[in-house]
Every structure is written in structure tokens, then in C-alpha cells.
Amino acid sequence: MNRNPSPPSSEVEEEEDAVGNTVYSKHWLFSILTRLIEVRARRGGGAGREESGGPGSGERFAGVVISPEKTEPIVSPEGIQTELDEELENDICKVWDMSMDEDVALFLQEFSAPDIFMGIFAKSKCPRLTEICVGILGNMACFQDICMSISKDENLGQVLLQRLCDTDSPTLLETSRLLLTCLSQPEVANIWVERIRENPSVYDCVCFIMSSSTNVELLVKVGEVVDKLFDLDEELMLNWIKNGTCPSVGPSVDDSPEELPDFKIVPCILEAAKQVRSDNPEGLDVYMHILQLLTTVDEGIQAIVQVPDRGKETWSLLYDLICHDLCQPDDPAIVVQEQKTVLASILSVLSAMFASQTEQEYTKMRKNMPLIGSLIRILQYMEGCGKRAGDDSKESEQEETGRADVNDKDFHLKILKDICCELLSNMLQELTKENTLEGLHQGHLNEQTCSCAFQNLLPLYFASVESFLGVLREADQTLADNLEKRFPSLKVHS
């Protein structure tokens, strides 16, 4: 059989053979679906392979001999298929690419491609074939009517969720993409949320991926799925927070059920965040937002802080990100624009932890002066962005006050500023004379940084500023006097 059938003999036949308004051949697509049905009819075997590659990649298999002279699947002595035919792989990869076109997707839907794929998932043990079929479904799900049809198919939905327990990273990646596509469509999102809530193995499999995978792309996509789930359904988030061991099975290399460890959601999130930290800023943003969502409920905060070691690990990671990775002294001020969402998430979690567990050793102020310095630097950078915006706007008639005048210009920066000020005010109230002297010695506190802190905290956090000024008088009377001159309202109340 020719890979690409000869074109029809007339323009009329050519038009009849075309899929919708595309140049793709109905007959050729139908022939591929027919071959997939034949593959489905065979009993699949196992074949391991490397995790690299993508659609159209032919050399994806580790430890498997591929014979270029054979056009039929390689078969073991027991008659079990152990490899995907190279020609078929190339052809279905073309279908994978073509399925991004709505006309092609509708054609595949009309000829029951999802049912064919479901049969393949049940029988095939070829990871590459499973990956491609899930990928095609993911492309098809981008179109609303098809997504509705896929989502309402309970059997297909359950089979797809089972793919999260696969051991093959590319298949897991395509499954996560498909789930995220469905969860992002309001018409069907609730169907998937309910399905996931009723399937405890999803929790175990997701935690297993986050805690053990080194595939950054997979971790980011799984994180996006979890982030979307928590954002859509607080009840599901609460269930996962409270979850421990579930009566479910997870990944296994030999097809025998294997009990998973007693997963807790917070350590799994932290482990994934550490993996994506250096390689994928967007992925870090996703996992920090998941932590932030956890802190919107008391159960989530307690899941972070109630175990001292877990609280310490969380605080240490977030502290390190703020003090050593993000918004650093040698960065341009505009960096705060680029990092505003991840900074807001991190500071929100730190603020919740500080407010709920001030007696914990990791929140003691003697260890956190660099964090105060970083908070003030973030506010200084926002001031810099505000000044630049004011200078660039011909319509601006506001006087330059040195304040971060960005509230009306950028909603996310306003949120960041509010969170930053709240945490800074709480930390300043905890400072002692010894802490303050240390901060002055280390350079985190001086007239410039204190002025920046005061002008951003006043008048909302007047009590906090007044309390800190009293401690500052004991540590450096001259600096306190200078600040009182710059902020007369403080002198009136002193």
C-alpha cells in the first residue's frame, strides 16, 4: 500500500476526497484508521524507550532492535508485538499533526477515532503508539463540540485517567495536556473535576509524578493540571490536602499492582518546584501558585506548618528564592514586572506562614534580616517602574513623589505591593534592638531603605512603622531623627 495514495483522476473526485476545506485525503486518513483497528486487534507487548523526542520522532526506543528492512511490526517468539511499525508510526504522526485542523478532527470524530484509540489503550503495550493516540485526542479536544463528546464518554474518560498511572513520560505528558485542555473549557470542566474527585488513583499518580519525575516539561504540565483543578474546585483541593494513602494502585513496570507510598501533597509540590526551579521559570510560577492556593484555606496552611520539618523546608525554599534567585540587586528594576506573579505567590505563602507560626525557629527575625532587605528592594524596584512609567507618559501630570505609583497601571503589581507591604509590616513589628543593629550592620537597613519602607507602609501600617521607629531609636538615634524629619506624621505621634 502506498503511504500517500495517488491523487484522484478528476477535480470532482479530488473535491469529494478532500477533508472539508483541507487538501488532506479522506481515503488516506481512513486507511490509517483501518490499520490502527488492525493493530488494536493484536495483543500488545512491552517495549521500553527513552523519554526524549516528539511527534514524528522515529528513534524513541531504548533496548529494542529496529530492523529497517521489515515493514511489519517486530514480533517476539511468543507472537507478541514488541515494536511499532516504522511506516505506521510515520503515518500516524502525520495524522497527529493534521488533527490540529478542525476539519480533520471532525472527520476523525465521525469515524470513531476515539473508540479506536480506547481499544488501543486497553490492549497495546507500545508506549509510542499510546503517546501518539493520546496526543491526537488532545488536539481533537481543542475543539468545543469534540471536547464535549470526549468528555461525556464515561468509559473513555476513565481510560484516559488511567493513563496517568503510565510509566512512560511522553504518554504522561500528552495525557496531562489533554486533561488541561478539557479543564480549560468551562462547558466540560466540571465533568472532569467530578470524575477526578471520584477516582482516588489520580491523586496518587499525580503525587508520584511530582515527587519522582525529573522530566521538567512533564512536571510543568502536571503542575498546570493541579493548579487548574485547585482553582476550579476547593472541595477537591481540601480532599487532596487531607489525603494520605488511598486504596489505589500506581505505576508498575511489570503490570503487577504496586502500593504507593503515603503521599502528602505539600512535600510533592516542593519536590517538583525544586526540579523546575532552575530550568523553567513558568513552571516555578505554577508551583508557587499551587502553594498560594493551599494557603487560602486553613487546612492548607496547617498542611504546610503543622509538621515542623515540612514548614522549615517550605520556608527555606521560598526564602532562598526571594533572597537569592528573584529580584536581585544586580537586576534592572523592570525585572519586578517580569516576576510579579511568582513573587506575589511566594510572598503570600511566606506571609501566611509568618502570621500562623511566628514561634517557629525558621521565622525568627535574627535569621530573616536578608528577607526584610529583599522586601524593601522589591518595593524600590516598583518605585523605579513607577517613575519610568510617569516619565514615559506625556499625559501624566502627577508630581514625582518617589512612591510606586503603579496601582492603576498594573493590577498584578498592585497585588504584589499589597502582599509585600503586609509581610514587611508584620516582620518590622517583630524586630528587636539586636535584630535592628544586625540589619544596620549588614546593610539591609539604612536611611534609603527605611524611607522606602515608610513611604510604602504609611498610612495603612502606621502602628507597625511607629513600633519599628521606637526600636530604631535605641539602635541609631540619628537615623531615627532623620526619618522623623522626612515623615512629620511620625514625629507628631512620638
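Counting restarts for each chain: residues are numbered from 1 in the order of the written sequence. Two thresholds apply to this predicted model, a pLDDT of at least 70 for residue-level local features and 80 or more for giving and counting side-chain atom pairs, whereas whole-chain, interface and lining totals are computed over all residues. Based on all heavy atoms of the structure, the side-chain values leave hydrogens and waters out of the count.

What counts as a salt bridge is simple: a side-chain nitrogen of Lys or Arg found within 4 Å of a carboxyl oxygen of Asp or Glu. Within this structure, the stated rule accounts for 18 salt bridges. Close ionic contact of Lys414 with Asp418 constitutes a salt bridge, the shortest N to O distance being 3.1 Å. One end of the pair, Lys414, and the other, Asp418, are both in helix α21 (residues 411-429), 4 residues apart, so they sit about a helical turn from each other. Burial classes: relative accessible area under 20% of the type maximum marks a residue as buried, over 50% as exposed, and values in between as partly exposed (1.4 Å probe, protein chains only). On the basis of relative accessible area, Asp418 is assigned to the partly exposed category, the value being 38%. The network of salt bridges with shared partners includes Arg35, Asp85 and Asp91. Runs of E in the DSSP output that reach at least two residues are strands. Runs of H or I that reach at least four are helices, and both are numbered from the N terminus.

Let us look at the packing of aromatic side chains. A pair of Phe, Tyr and Trp rings is counted when the ring centres sit within 6.5 Å of each other, with Trp represented by its six-membered ring. The angle between the planes then sorts it: under 30 degrees is stacked, over 60 is edge-to-face, the rest tilted. Tallied over the entire structure, the rule returns 9 aromatic pairs. Each ring, one from Phe208 and one from Phe263, has its centre 6.5 Å from the other, and the planes form 80 degrees; the classification is edge-to-face. Remark: Phe263 occurs in the loop between α13 (234-242) and α14 (265-276) and Phe208 occurs in helix α11 (residues 200-212); sequence separation between them is 55 residues. With 5.7 Å between their ring centres and 65 degrees between their planes, Phe454 and Phe487 make a pair best called edge-to-face. With Phe454 in helix α23 (residues 447-457) and Phe487 in the loop between α25 (477-486) and α26 (488-493), the pair connects residues that are 33 residues apart, well separated along the chain. Just as Phe454 is buried, Phe487 falls in that class too. An aromatic cluster is present here, built from Phe30, Phe107 and Phe111 joined pairwise through their rings. Against the face of Trp192 rests Arg195, its NZ or CZ located 4.6 Å from the ring centre. In this scheme, the term charge over a ring applies when either NZ of a lysine or CZ of an arginine sits within 6 Å of the ring centre and within 35 degrees of the ring normal.

We now examine the environment of Val222. Mapped onto the elements of the fold, Val222 is located in helix α12 (residues 216-232). Remark: the alpha-carbon pair of Val222 and Tyr287, spanning 65 residues in sequence, is separated by 9.9 Å. In contact with Val222, other than residues within four places in its own chain, are Ser176, Val206, Ile209, Met210 and Tyr287. Contacts were defined at the residue level, with two residues in contact if any of their heavy atoms lie within 4.5 Å.

Let's shift gears to the state of the cysteines. A pair of cysteine sulfur atoms is labelled a disulfide when the two atoms are within 2.5 Å. Inspection of every chain in the model, using the stated rule, returns 1 disulfide. The disulfide partner of Cys165 is Cys205, and the S-S distance across this bridge is 2.1 Å. Looking down the S-S bond of the Cys165 and Cys205 bridge, the torsion is 65 degrees, so its handedness is right-handed. With Cys165 in the loop between α8 (154-162) and α9 (169-183) and Cys205 in helix α11, this residue pair connects regions lying 40 residues apart in the sequence.

As a further point, take the environment of Leu460. The residue Leu460 is located in the loop between α23 and α24 (462-475) in this model. Judged by relative accessible area, Leu460 falls into the exposed class, the value being 69%. Between the C-alpha atom of Leu460 and that of Ser425, which follows or precedes it by 35 residues, the distance is 9.8 Å.

With that out of the way, let us pick up unusual backbone geometry. At the junction of Leu458 and Pro459, the peptide bond is cis and its omega measures out at 0 degrees in the coordinates. Within the element layout of this structure, Pro459 appears in the loop between α23 and α24. A positive phi angle, close to 60 degrees, is found at Ser112, a residue other than glycine. For Ser112, a relative accessible area of 33% corresponds to the partly exposed category. Positive phi, normally seen in glycine, also occurs at Cys327, with a value near 45 degrees. Judged by its relative accessible area of 2%, Cys327 falls in the buried class.

Moving on: the environment of Ser176. Tracing the backbone shows Ser176 in helix α9. Residues Ser176 and Val134, spaced 42 residues apart in sequence, show a C-alpha to C-alpha distance of 9.7 Å. When near neighbours in sequence (up to four residues on either side) are disregarded, Ser176 contacts Leu164, Leu218, Lys221, Val222 and Val225.

Honestly, it's all geometry; don't read function into it.
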